[in-house]
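Residue-level listing of the chains:
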Amino acid sequence: MNQRLIPPGHLPTPDPGKAGLTSTQVDEQRRVFGWNDIVPQTQSSWRTIARDTARDPMLWFLALTAGLFALLGRISESLTLLLAMVPLLGMDAYLHRRTSASSASLASRLATSARVLRDGRWQDLASQQLVPGDLVEVKPGDYFPADGILVSGDGLQADESTLTGESLPVIKRVISETGAWPSSVADAHWGVAGTRLLTGTAWLRIVCTGADTRYGEIVRTATEGQHGATPLQKAIGELVGMLLATALIVCAVLAAVRLWQGHGWIDAMLSAVTLAVAAVPEEFPVVYTFFLGVGAFRLARKNALVRRAVAVENIGRVTCILSDKTGTITAGTLVLSHTTPALPLDAAALLRMAAYAARQDSGDPMDQALHEAAGPLPAAHRQASFPFTEARRRETALWSGDGRVIAYTKGAPETVFAACDLAAPERSRWLALVEEQGKSGHKVIGCAWKDMTEARSMEQEPIQGFQFAGLLAFVDPVRDGVREAIADCMAAGMRVIMVTGDHPATATAIARQIGLGSGHPKAVVLGPEDDLSHIVRVAGGLDVVARATPTQKLALVQALQSEGEIVAVTGDGVNDVPALRQADIGVAMGARGTRSAREVAPVVLLDDNFRTIVDAVAEGRQLFLNLRLAFVYLLLVHVPIVIGAAAIPLMGLPLLFLPLHIVWLELIIHPTAMMAFQSVPSTAPLAKVQRQRAPRFFTTRGWLGIGLIGGLLSVATIGGYLHALGSDRDAEHARAMALAVLLVASAGITAGLTRLRHAAPRWLALGTLASLVLVMQIPGLGQILNLRPLHAQDWLWIALTFCATVVSTWVLGARVWRQRA
């Protein structure tokens, strides 16, 4: 069962029981923790949309050309261009809504008000006013207003599908508010903001508010996680800058040539501006940023919160995972797995004796496991206790009942053996059993008892004369799905190294159990005298590192990176911060991790599960593949547009495109690139890794394929234009032909790259073809766009272009799919 830390200072001291806070306490808490604003307040959405829309060069292009036509007195064309801005504005607004949909949908599941006990009476307040320490009543059907601990209620069940994706109700349990607050509390005792109580009426002691809640972290990830500039973003920005400079030079040359040919300055300016809009790939950074936002949201749904956008970019390229053992690969709890009683005792008697020696309220996982396994104990009175210390390595308790006083002790087997009267052969037999169970990854303790009824004093711990009761073996069970996740990593060529401070025998046993090293893990013990050069030498072929210190863990990360590995490191404590900072992807534990670890790591796991890391890597690879496919689409569509827009005017022929035609193409290209490829489903859990430090979008063959297909589409576009232009120089017919070739090429590229496996590309491709048929064959629409209907021979050329595009991009897409991150 996962444990979640209670941040220091968030709960009242001393424990107020079932009482609420006073007004003075509320004011003090608010000065420290602020308001319960889980979703940050934002500016009005129309201003944000207007600011983002103003960055679209297409709108400035339309405004400029509309102004040019107005100056020439061609008012109808000017008004048509201004009206053409309306669908572009609508599309920008829609895509803006899509980008911010994750945070909006998350914010819709928050409680707006809460019933709070303050100053001795219940009050209905806005949930924004809650502070840590408040006592809140939550009724069936209500959302929890913040993260807190359940202190009262019966038959509680909650719907946590918003955070976990699990549709089944989760049983919740109440924790007693007596005594000091524990340092951590199991998930079953928590009520979490954004989740809903299904059954029972609960009292919730608020612990975390605002951005400190798990829900607040998800919302912050969805709204802020994409603002940092990543290496690929910088590279794309440099590419766009270079293309822009080149386009300006070519546009100036084109304008000069058109003037020299005698077409006039209006024609020259339109030719240059049209080419500039076609040549500048403003969609690349927009699509990239959009995909980062989608990736951050999807990873959050998989219990991996992304705190910086660079993690979305890099996580799919991870080639090596350095993982903690306890709590990540294992559950982080102790479960009693074997009982070996000494004759004539049975297992039940041994368990009772061990439970008597354990303290039920200690918070020690072993004590809790013993009491859970033993069940209710016969009534007795604890006379004295002698707690466990490192020096004594055992714990003893004296109990009285039925006229007798019995001392029960448990602890390290060697210590318990020394307190018992055991013959040498019998002691050797028990020691061999301890060693055997220890090698299999078990934590073993011994138990003994002594009759103290006749003892003169109960104030001193007995140290001799015990009768040995038997051995108990505990195990920290491996989490469900970890073995399968390790197998997926190994099949993909990813390296997994388990780093732990545990005993090497325990670590090796767990590694063998989860399949590291194909069942034969290579382990090394890094002692305090080992130098860093030793770590560098052995880093190439390890599966397990035991007794590792923080300095050695950091050096291990550096050694792996020097070999070309993209390293992900898990950590939960302050001592893990250096390695988390050095790693390509630092992964902090959300349930039991410290604030320092969570702040330095770009990824935080909500469930502390190794399976989640592998799922996040698979999601990252799928995201990178989707981004590749979207960029292939943009390149293949832009190549014939740019070549055609430049070549046709340079030949002295009528312009290939008018401004309205560019609007039509943008209305097709922009949403297709944004929406058709982001939901392409994965066909395999993990593909083979490619060990390269710098991310590459395409291989050399991939670039050649893009160039070849783009060149052929350019030939088809220009050839169709020249054929339709004919000897009578029918420019409207020629433009209709060129646009038709480009539109079917867009639909064919979409179909070939996505295989039409999802609804979005199917509808987008169908919509593209439908718009083509309607505009070309309905006379009224064609006249508005200065186009003529196509002939039967034209449609045959267009159909051949479509088929050839689908086949060629299908082959190219297969290469891109094989190049999965």
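Source: prediction; values computed, not measured. (Residues numbered from 1 in each chain as written. Predicted model: local features only at pLDDT ≥ 70, side-chain atom pairs only at ≥ 80, totals over all residues. Heavy atoms only, no water.)

## Thoughts on the overall build of the protein
Now for step 1: When helices and strands are tallied, the protein shows 28 helices and 25 strands.
Now for step 2: When the 821 residues of the protein are sorted by exposure, 53% land in the buried category.
Now for step 3: Excluding contacts between residues fewer than 6 apart, the proportion of contacts in the protein whose partners are at least 24 apart in sequence is 74%.
Now for step 4: Approximately 35000 Å² of the protein is accessible, and the part contributed by carbon and sulfur atoms is 59%. (Helix = DSSP H or I, 4+ residues; strand = E, 2+ residues; numbered from the N terminus. Buried < 20%, exposed > 50% of the residue type's maximum accessible area, 1.4 Å probe, protein only. Contact = heavy atoms within 4.5 Å. Areas by Shrake-Rupley, 256 points an atom, 1.4 Å probe, with all protein chains shown as cover.)

## Thoughts on the pattern of salt bridges
Now for step 1: Under the defined criterion, the tally for this structure stands at 18 salt bridges.
Now for step 2: Asp-124 serves as the salt-bridge partner of Arg-115, at 3.6 Å between the closest nitrogen and oxygen.
Now for step 3: For Arg-115, a relative accessible area of 30% translates into the label partly exposed.
Now for step 4: The closest approach of N and O atoms between Arg-394 and Glu-461, which form a salt bridge, is 3.4 Å. Of this pair, Arg-394 sits in strand S16 (residues 394–401) while Glu-461 sits in the loop between strand S18 (443–451) and strand S19 (467–475), placing them 67 residues apart in sequence. Each member of the pair, Arg-394 together with Glu-461, is buried.
Now for step 5: A single network of salt bridges, built from pairs that share partners, joins Arg-359, Asp-367, Glu-395 and Lys-410. (Salt bridge = Lys/Arg side-chain N within 4 Å of Asp/Glu carboxyl O.)

## Section: the packing of aromatic side chains
Now for step 1: Evaluation of the coordinates by the stated rule reveals 6 aromatic pairs.
Now for step 2: Arranged with centres 5.0 Å apart and planes meeting at 55 degrees, the rings of Tyr-356 and Trp-399 form a pair that is tilted. A residue pair is termed long-range when its members are at least 10 positions apart, and Tyr-356 in helix H12 (residues 347–357) and Trp-399 in strand S16 qualify at 43 residues.
Now for step 3: By relative accessible area, which is 7% here, Tyr-356 ends up buried.
Now for step 4: Clustering of aromatic rings is evident, with ring pairs tying together Tyr-356, Trp-399 and Tyr-408.
Now for step 5: A cation over an aromatic ring shows up here: Arg-30 above the ring of Trp-35, its NZ or CZ 4.1 Å from the ring centre.
Now for step 6: The ring of Trp-810 is capped by Arg-755, whose NZ or CZ atom sits 4.5 Å from the centre of that ring. (Phe/Tyr/Trp six-rings, centres within 6.5 Å; stacked < 30°, edge-to-face > 60°. Lys NZ or Arg CZ within 6 Å of the ring centre and 35° of its normal.)

## Some points on helix H15 (residues 424–439)
Three or four residues apart is the spacing at which side chains of an α-helix point the same way, because the helix has 3.6 residues per turn.
Now for step 1: Counted at 1.5 Å a residue, the expected span for H15 with its 16 residues is 22 Å, and the 23 Å between its end C-alpha atoms agrees.
Now for step 2: Turning to H15, the residues buried within the fold contact strand S14 (335–341), helix H14 (413–418), S18 and S19. (Expected span 1.5 Å × (residues − 1).)

## Remarks on the nonpolar core
Now for step 1: Among the nonpolar cores identified, the biggest contains 112 residues, and Val-287, Phe-610, Tyr-633, Phe-657, Trp-664 and Met-776 are the most heavily contacted of them.
Now for step 2: Here this core takes 23 residues from helix H22 (residues 610–650), the largest share from any one element. (Core = buried A, V, L, I, M, F, W, Y, C linked by side-chain atoms within 4.5 Å.)

## Notes on the side chain of Thr-612
Now for step 1: Relative to the elements of secondary structure, Thr-612 occurs in helix H22.
Now for step 2: Thr-612 has contacts with Lys-302, Asn-303, Ala-304, Leu-605 and Asp-607, leaving out every residue within four places of it along the chain.

## Regarding the side chain of His-442
Now for step 1: By secondary structure assignment, the location of His-442 is in the loop between H15 and S18.
Now for step 2: Side-chain polar atoms of His-442 contact the side chain of His-338, separated by 3.4 Å.
Now for step 3: Beyond its immediate sequence surroundings of up to four residues, His-442 is in contact with Ser-337, His-338, Gln-437, Ala-473, Phe-474 and Val-475. (Polar contact = N/O pair within 3.5 Å; in protein donor to acceptor, adjacent residues only side chain to side chain.)

## A look at the sheet that holds strand S6 (residues 156–159)
Now for step 1: Read from one edge to the other, the open sheet built from 3 strands follows the order S7-S6-S10, with strand pairing classed as antiparallel. Both outer strands of the open sheet, strand S7 (170–172) and strand S10 (196–199), are each paired with one neighbouring strand and no more. Each strand of the sheet is rotated relative to its neighbour by a mean of 40 degrees, with strand direction disregarded.
Now for step 2: Where S6 and S7 come together, 3 bridges link them in antiparallel fashion. Looking at the pairing, Leu-156 lines up with Lys-172 of S7. (Pairing = 2+ DSSP bridges. Axes fitted to C-alpha atoms, helices over the stretch in contact; angles between N-to-C directions.)

## With respect to the pairing of strand S23 (residues 567–571)
Now for step 1: With respect to burial, S23 is a largely interior element, 5 of its 5 residues being buried.
Now for step 2: Of the two faces of S23, the one lined by Val-567, Val-569 and Gly-571 and the one lined by Ala-568 and Thr-570 are each fully buried.
Now for step 3: Relative to S23, strand S13 (residues 320–324) is paired through 3 bridges, and the arrangement is parallel. The residue of S23 that forms the bridge with Cys-320 is Val-567.

## Some points on the packing of helix H25 (residues 731–754) against helix H26 (residues 759–777)
Now for step 1: Where H25 meets H26, the closest approach of the two axes is 9 Å, and the angle between their N-to-C directions is 165 degrees. By the angle between their directions, the pair H25 and H26 is classed as roughly antiparallel. Between H25 and H26 lies a crossing whose hand is left-handed. Residues Ala-736, Leu-739, Ala-740, Leu-743, Val-744, Ala-747, Thr-750 and Thr-754 of H25 pack against Pro-761, Ala-765, Thr-768, Leu-769, Leu-772 and Met-776 of H26.
Now for step 2: Here the residues of the contact of H25 with H26 sort into 11 nonpolar, 3 polar and no charged. (Parallel < 35°, antiparallel > 145°, perpendicular 65-115°, else oblique. Left-handed = near helix turned anticlockwise from the far one by under 90°. Nonpolar A, V, L, I, M, F, W, Y, C, P; charged D, E, K, R; others polar.)

## Description of the confidence of the model for the protein
Now for step 1: Mean pLDDT for the protein: 78, with 77% of residues reaching 70 or above.
Now for step 2: Across the protein, the element-wise mean pLDDT spans from 47 in helix H5 (residues 101–107) up to 94 in strand S4 (residues 135–138).
Now for step 3: Ignoring residues within four places in sequence, the model shows residues 224–228, a span with pLDDT below 50, making 11 contacts including any to other chains. (pLDDT = per-residue confidence, 0-100.)

## Here's the deal with the environment of Ala-342
Now for step 1: On the secondary structure map, Ala-342 appears in the loop between S14 and H12.
Now for step 2: A residue is classified by how much of its surface remains accessible, and Ala-342, at 6% relative accessible area, is buried.
Now for step 3: Taking the C-alpha atoms as reference, Ala-342 lies 9.7 Å from Trp-430; in sequence the two are 88 residues apart.
Now for step 4: Non-local contacts of Ala-342, meaning those with residues more than four positions away in its chain, are made with Trp-430, Phe-468, Ala-469 and Gly-470.

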